[in-house]
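Summary of structural features
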Amino acid sequence: MGCWDLVAMVTDCTLPELPRPRVRAARLPGCPRVMDSPNSQPLNFPTTSRAHLRPLGVSIDDSLFTETKNTQKRKLSQKRKTLLSGSFSIGGHLSPWPRYISDQTILHNRKPCSDDYRKRAGSLQQPLGTTKPRYLEQLENYLRKELLLLDLSTDSAQELRLQPYREIFEFFIEDFKTYKPLLSSIKNAYEVMLAHQREKIRALEPLKAKLITVNENCNERILAMRAEERDEISMLKKEKMNLLKLIDKKNEEKISLQTEVTKLRKNLAEEYLHYLSERDARKILIADLNELRYQREDMSLAQSPGVWGEDPVKLTVALKMARQDLTRTQMELNTMKANFGDVVPRRDFEMQEKTLKELQEQLESLRDDYEEVRKEHEMLLQLHMSTLKERDQFYSELQEIQRTSTPRPDWSKCEDMVAGGRDRWHMLAEGKNSDQLVDVLLEEIGEGLLREKDFFPGLGYGESIPPFLRFDGIVENKKPTKKEVVKLLKDAWKERITEEQKEKFPDFFFSFLERHFGPGDAMAWAYTIFEYIKLFHTNEVMSQFYAVLMGKRKESVYIKQKQTIAQLLKEMTNVDSQNEGLLTMEQLSTVLKSTFPLKKDERIQELMEAGGWHPSSSNADLLDYRLLFMEDEEGQSVPFVQKLWEQYVVEKDEYLNELKQELGLELNEEVTLPKVREALMNIDPNLDKQTLNHYLRQAFQLPMTEMPEEDEEREEGIVTQLQTALEQLQMSDIRRMGPREQEPAS
């Protein structure tokens, strides 16, 4: 069977018949060259039975696998012999179907099974019906039978379903010797791809399980948060109901007090009318009594005129005058009644006034209580709304974390990758977060790569290249240890501090190397040290030296920090009168507060904790203060000195943020020198003139000779961008000199 017969059988296309020798000798278009020589050996591909399929993630011994493979080959060969016992046509050859369909078709130089070829082949096909070859029918029957025998209820149903097709393809390859290499390579490629996909699926199984675990944990946290929110909401509702009941109670008391006041006023009016009527009745009674007395006197005078021995005319005149006085008195009395009829006694008035004041005070207190309760209610409502917003925000953040979170790395895998093994890795990883561990791991990897290099390529003589690295050619890697580099940098700092004629730091660094190693090796040491300090970010000495060397930080920052540490050690030594190296916790706190008077109590507490203090410590506990300033062989400080540096960086950032807020400008806006001067004096009134001018020179990058005096006209002409000024101040050594007026120091 030729190439076209094979393609026709596989693709179910009707192809013309060609002589067998021509097909083997010529290279058909679109088909690879196949040599039908007996020396061409097919690629053997192992076949597996459905009873011996290997599930994913299970390893099998090689000897057992080889024995199983040989057994499968023998069974497959027996199946093939049984299957092929009746699959040949007359004469011992394979059935030529569908070759015998048409003997008049001519093979053109076209690609088999193309659209054009199908059109031509379709027009030449005979309408006669054809039957399938017996071999094809037996293959299909065998495939159908094997598929029916499968147990598709297991997890590896797809693997089992693929096995009959493998066997059919093996039969097909074994029967077509000419194309056996090509078909075997095709089968091998597919098997390799399937094995690759299995490995990928096996690798994704743990990730799926981990994802399910993370999802369950997040769901539990969400349920817990919801339960807490429900409890909090129920508590707030209860508190709200209690407050509403209190308000109702106060309103009822107010209404009852108003009712009582109305009743008291009514009783007062009734009493007033009662006393008024009593007074009128008394006056009428007195008038009647006087009238009766006058009548009795008149009667007595008329009956015995000589008893008194008075003149009747005189008595009549006296009576007339008395009556006139009575009339005048009565008129005055009526006038008094008219003018003072509504007047109450002062005692009653004072009593009522006192009662009224008490009621008004109670009313005012009730109003104040009501206003306070109302404000508290509004605050609770606002707090409730903010709580709801925070809950929604936290829920959104939780959703975002669930969507973007990645599993935590297993840092224990790095134990075998780091020189020194588990103990050294535990020492390096102690107290560090993931970001810091990544830096440590990169430094370890970079150190190994640096030690593998024997030479460095020169960077050339460009202007962007630092002066101490300007070289063209190959530079030797000196391969020093980390301790040697740290010791060399410390020696450089000591020489720099004692230097009288200050030159630029990069030039000083190269001169230092020339003095120590000679002009011939200075460039090699410069490249080697530069690569080391650029790599080790976590080492304090290297990172600070690199920042100063590259111009990212002024050297005065390092020098001032060392002076501060030396001053603090000196203060502690002065307090230690016995020179035993021991201080109590109370003495340590006193020294810190006297050395750093502007630090807040919280930061003093942080320094105390970094020095070894903890809440259970007493003031009498002793501390070896010399241990607070120790360094290891690689220049790493203890946590106390590291905390001092961290607080210095934080305080500098806070100082610059206050300056930015005082200026009230955006970072891309320009700022003048007088505005910066005024803002600095506002946020730090204790700045002296020399320090202030130094800060301004650093911010505007002005030489000392070009620095204008205050209130000069050319001050307004000195401008720079606010971001540039803040960056320059960030590089410099700036710190607060005194507290702000509204914020006294602790």
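Anything mentioned here points back to the structure above.
These figures come from a predicted structure and were not determined experimentally. (Residues numbered from 1 in each chain as written. Predicted model: local features only at pLDDT ≥ 70, side-chain atom pairs only at ≥ 80, totals over all residues. Heavy atoms only, no water.)

A word on the packing of aromatic side chains
Selection criterion: Aromatic pairing here means that ring centres of Phe, Tyr or Trp (its six-membered ring) are within 6.5 Å. Orientation follows from the plane angle: under 30 degrees is stacked, over 60 is edge-to-face, and everything else is tilted. To sort residues, take the accessible area from a 1.4 Å probe on protein chains only and compare it with the maximum for the residue type: under 20% means buried, over 50% means exposed, and anything in between is partly exposed. We count a charge as sitting over a ring when the NZ of a lysine or the CZ of an arginine lies within 6 Å of the ring centre and within 35 degrees of the ring normal.
This model, assessed by the stated rule, comprises 16 aromatic pairs. Measuring from centroid to centroid gives 6.0 Å for Y532 and F536, while their planes differ by 25°, and the two rings are stacked. The pair formed by Y532 and F536 is uniform in burial state, with each residue classed as buried. The rings of F468, W493, F505, F508, F509, F512, F530, F545, Y546 and Y558 are connected pair by pair, giving a single aromatic cluster. It is R496 that lies over the ring of F508; its NZ or CZ is 5.1 Å from the centre. In this structure, K599 is placed above the aromatic ring of F596, and the distance from its NZ or CZ to the ring centre is 5.1 Å.

Points about a negative patch on the surface
Stated formally: Patch construction takes residues with relative accessible area above 30% that form no salt bridge. Like charges are linked within 9 Å, and nonpolar side chains (Val, Leu, Ile, Met, Phe, Trp, Tyr) are linked within 5 Å. Under the convention used here, a 1.4 Å probe and the Shrake-Rupley method define accessible areas, while residue burial counts only the protein chains that appear. Salt bridges, as used here, are contacts in which a Lys or Arg side-chain nitrogen is within 4 Å of a carboxyl oxygen on Asp or Glu. Counting rule applied: Lys, Arg positive; Asp, Glu negative; His and chain ends not counted. Charged groups are reduced to one reference atom each: NZ for lysine, CZ for arginine, CG for aspartic acid, CD for glutamic acid. Where helices and strands are cited, they refer to DSSP runs of H or I of at least four residues and of E of at least two residues respectively, numbered from the N terminus.
Negative charge collects at one region of the surface, where E239, D368, D369, E372 and E376 lie side by side. Counting residues per element, the negative patch draws most heavily on helix α9 (residues 346–404), at four residues. Here E239 is to be found in helix α7 (residues 180–303).

Description of the nonpolar core
Note the following rule: Throughout this description, the term nonpolar core refers to a set of buried Ala, Val, Leu, Ile, Met, Phe, Trp, Tyr and Cys residues connected via side-chain atoms within 4.5 Å. In what follows, residue pairs with any heavy atoms lying within 4.5 Å of each other are defined as contacts.
Formed by 37 residues in total, the largest nonpolar core has its most connected members in F468, L489, L513, I529, I533 and F545. Only α12 (482–497), α13 (505–535) and α14 (540–549) provide two or more residues apiece to this core. Of all the elements, α13 adds the most residues to this core, at 17 residues. Leaving out residues up to four positions away in the same chain, F468 has contacts with P506, F509, F510, M523, A526, F530 and L549. Formed by 25 residues, the second largest nonpolar core is a distinct cluster that contains L659, L665, L673 and I683.

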